[in-house]
Amino acid sequence: ETGVTQSPTHLIKTRGQQVTLRCSSQSGHNTVSWYQQALGQGPQFIFQYYREEENGRGNFPPRFSGLQFPNYSSELNVNALELDDSALYLCASSAGQGSGYGYTFGSGTRLTVV
Amino acid sequence: KQEVTQIPAALSVPEGENLVLNCSFTDSAIYNLQWFRQDPGKGLTSLLLIQSSQREQTSGRLNASLDKSSGRSTLYIAASQPGDSATYLCAVRPMEYGNKLVFGAGTILRVKS
């Protein structure tokens, strides 16, 4: 059973650019969530995808967008990058929407905006 | 709005000590609570998941308890080892908005050999 895999592991972008981060969910998991973790803080919920549709969104502007594909993998896109977007971006997958399910996290993508 | 607080923010103990990490949350209407471990610059590793109907969960040297009515959870680590050094995060899954986890800021644990 493979876990959650994210790519790339590290990324450096210039302010104003666009970036795409990728996530492959754990085998058998149909729900994918994205989180942003700034240094020294807990992760903050960005949004969740279930069956290729956005199924919940945190307090992030529209320049944060995402996709989920039929194989349940997902992308996080960020447009017009700002310096404050520098963070660890974590993807998490779950086996379903029910309240009993926990989440499995990937190793994250470290994004640095200069 | 659900808020999660973890105390202490940092902890340094000698090897072999038993220790307790604390997590409190403001709204008791949760589906479950999950404890995670995070090594520096890495992702999250799930340690224990406690459903709202449960009081505790155990895995090896780890034991987590949940008192939903008082909004508290504790993570007990027995016979700590240097390899336990990491940041420990607790997260609740609120009923009001069940699609997300709300995290505390974490407790940074250092176990000295």
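Counting of residues starts from 1 at the beginning of each chain's written sequence and follows it residue by residue. As they are written, the chains are lettered A onward and the ligands numbered 1 onward, keeping that order. Local features in a predicted model are, by the rule used here, given only for residues with pLDDT of at least 70; side-chain atom pairs are given and counted only at 80 or more, and totals for whole chains, interfaces and linings are based on all residues. Heavy atoms throughout the structure, all of them, feed into the side-chain values; hydrogens and water do not.

Take the overall build of chain A next. Comment: elements are numbered from the N terminus, with helices defined as DSSP H or I runs of at least four residues and strands as E runs of at least two. Helix and strand counts for chain A come out as zero helices and 11 strands. For chain A, whose C-alpha radius of gyration is 13 Å, the value lies close to the compact-globule estimate of 13 Å for 114 residues. Seen through its principal axes, chain A has C-alpha atoms that stretch 40 × 25 × 25 Å. In chain A, which comprises 114 residues, the proportion classed as buried is 49%. Values of accessible area rely on a 1.4 Å probe in the Shrake-Rupley scheme; residue burial ignores everything except the protein chains shown. Within the structure as shown, chain A displays about 5,300 Å² of accessible surface, and the carbon and sulfur contribution to it stands at 46%. Only four residue types enter the charge count, namely Lys and Arg as positive and Asp and Glu as negative; His and the chain termini do not. A single reference atom marks each charge: NZ on Lys, CZ on Arg, CG on Asp, CD on Glu. Averaging the coordinates of the 7 positive side-chain charges in chain A and doing the same for the 8 negative ones gives two points 6 Å apart. Our radius of gyration looks at C-alpha atoms and nothing else; its globule reference is 2.2 Å times the residue count to the power 0.38. Under the scheme applied here, a residue whose accessible area is under 20% of the maximum for its type counts as buried, over 50% as exposed, and between as partly exposed, the area being computed with a 1.4 Å probe on protein chains only.

Residue and element names in this part refer to chain B. Note on disulfides: each one is a pair of cysteine sulfur atoms within 2.5 Å. The full count for this structure, using the stated rule, is two disulfides over all chains. Across a sulfur-sulfur distance of 1.8 Å, Cys23 and Cys90 are joined as a disulfide pair. Across the S-S bond of Cys23 and Cys90 the torsion is about 45 degrees, and the bridge reads as right-handed. Of this pair, Cys23 sits in strand S3 (residues 19-25) while Cys90 sits in strand S9 (residues 86-94), and the two are 67 residues apart along the sequence.

This part takes up the environment of Leu62 of chain B. Residue and element names in this part refer to chain B. By the element assignment, Leu62 lies in strand S7 (residues 62-67). Owing to a relative accessible area of 15%, Leu62 belongs among the buried residues under this scheme. Taking the C-alpha atoms as reference, Leu62 lies 4.9 Å from Ile77; in sequence the two are 15 residues apart. Here, residues are in contact when the closest pair of their heavy atoms is within 4.5 Å. Those residues in contact with Leu62, other than ones at most four positions away along the chain, are Leu47, Leu48, Gln57, Leu75, Tyr76 and Ile77.

All names here are of chain A. In space, the four strands of this open sheet follow the order S1-S3-S8-S7, with antiparallel pairing throughout. Two strands in the sheet have a free side with no partner beyond their single neighbour: strand S1 (5-7) and strand S7 (64-68). For this sheet the average axis-to-axis angle between neighbouring strands, irrespective of direction, equals 20 degrees. Looking at chain direction, S7 and strand S8 (residues 74-78) are connected through five bridges and run antiparallel. Bridging across to S8, Phe64 finds its partner in Val78. Here a strand pair is declared whenever DSSP counts at least two bridges between the two strands. All axes here are fitted lines through C-alpha atoms, helices being fitted over the stretch that makes contact, and every angle between N-to-C directions spans 0 to 180 degrees.

Right, let's talk about the nonpolar core for a bit. Among buried residues, those of type Ala, Val, Leu, Ile, Met, Phe, Trp, Tyr and Cys that are joined through side-chain atoms within 4.5 Å constitute a nonpolar core. Counting residues in hydrophobic clusters, the biggest one holds 24 residues, and the most contacted among them are Leu33, Trp35, Leu75 and Tyr88 of chain B. Of all elements in the fold, only S3, strand S4 (30-38), strand S5 (44-51), S7, strand S8 (72-77), S9 and strand S11 (107-112) of chain B reach the threshold of two or more residues within this core. Grouped together as the second largest cluster of nonpolar side chains are 20 residues, Leu11, Cys23, Phe47 and Leu76 of chain A included.

With that out of the way, let us pick up the pattern of salt bridges. Throughout this description, the term salt bridge denotes a Lys or Arg side-chain nitrogen within 4 Å of a carboxyl oxygen of Asp or Glu. The final tally for this structure, using the stated rule, is six salt bridges over all chains. Here Asp84 of chain B ties to Arg61 of chain B by a salt bridge, and the two come within 2.8 Å at their closest N and O atoms. Note that Asp84 of chain B is positioned in the loop between S8 and S9 and Arg61 of chain B in the loop between strand S6 (56-59) and S7, a separation of 23 residues in sequence. Overall, the relative accessible area of 8% leaves Asp84 of chain B in the buried class. Here the salt bridges do not stand alone but share partners, grouping Arg63, Glu82 and Asp85 of chain A into one network.

Within a regular strand, side chains alternate between the sheet's two faces. Residue and element names in this part refer to chain A. Of all seven residues in strand S4 (residues 31-37), seven are buried, a share of seventy percent or more. One ladder, built from six bridges, connects S4 with strand S5 (residues 44-50); its direction is antiparallel. If you follow Ser33 over to S5, its bridge partner there is Gln48. What sits between the antiparallel neighbours S4 and S5 is a turn of six residues, in which Gly40 has the positive phi angle 80 degrees. Pairing analysis gives seven bridges linking S4 to strand S9 (residues 87-94), with the strands arranged antiparallel. Along S9, the bridge assignment pairs Tyr35 with Leu90.

Every contact between the two is made by 25 residues of chain A and, on the other side, 22 residues of chain B. Here's the idea: put two parts together, see how much 1.4 Å probe accessible area each one loses, and the total over both is what we call buried area. Summed over both partners, the interface of chain A with chain B comes to about 1,600 Å²; 49% of that surface belongs to carbon and sulfur atoms. On the chain A side of the interface with chain B, the three residues burying the most area are Ser99, Tyr103 and Phe105 of chain A, jointly 32% of the side's total. Where chain A touches chain B, the interface holds zero salt bridges. Under the rule applied, a polar contact is a pair of N or O atoms within 3.5 Å (in protein, one hydrogen donor and one hydrogen acceptor; residues adjacent in sequence only if both atoms are side-chain atoms). Our count for the contact surface shared by chain A and chain B stands at five residue pairs in polar contact (both at pLDDT 80 or more). At the level of elements, S4, S5, strand S6 (53-57) and S9 of chain A are the ones that each hand at least two residues to the side of chain A that touches chain B.

Fair warning: the whole summary comes from geometry, so function is off the table for now.
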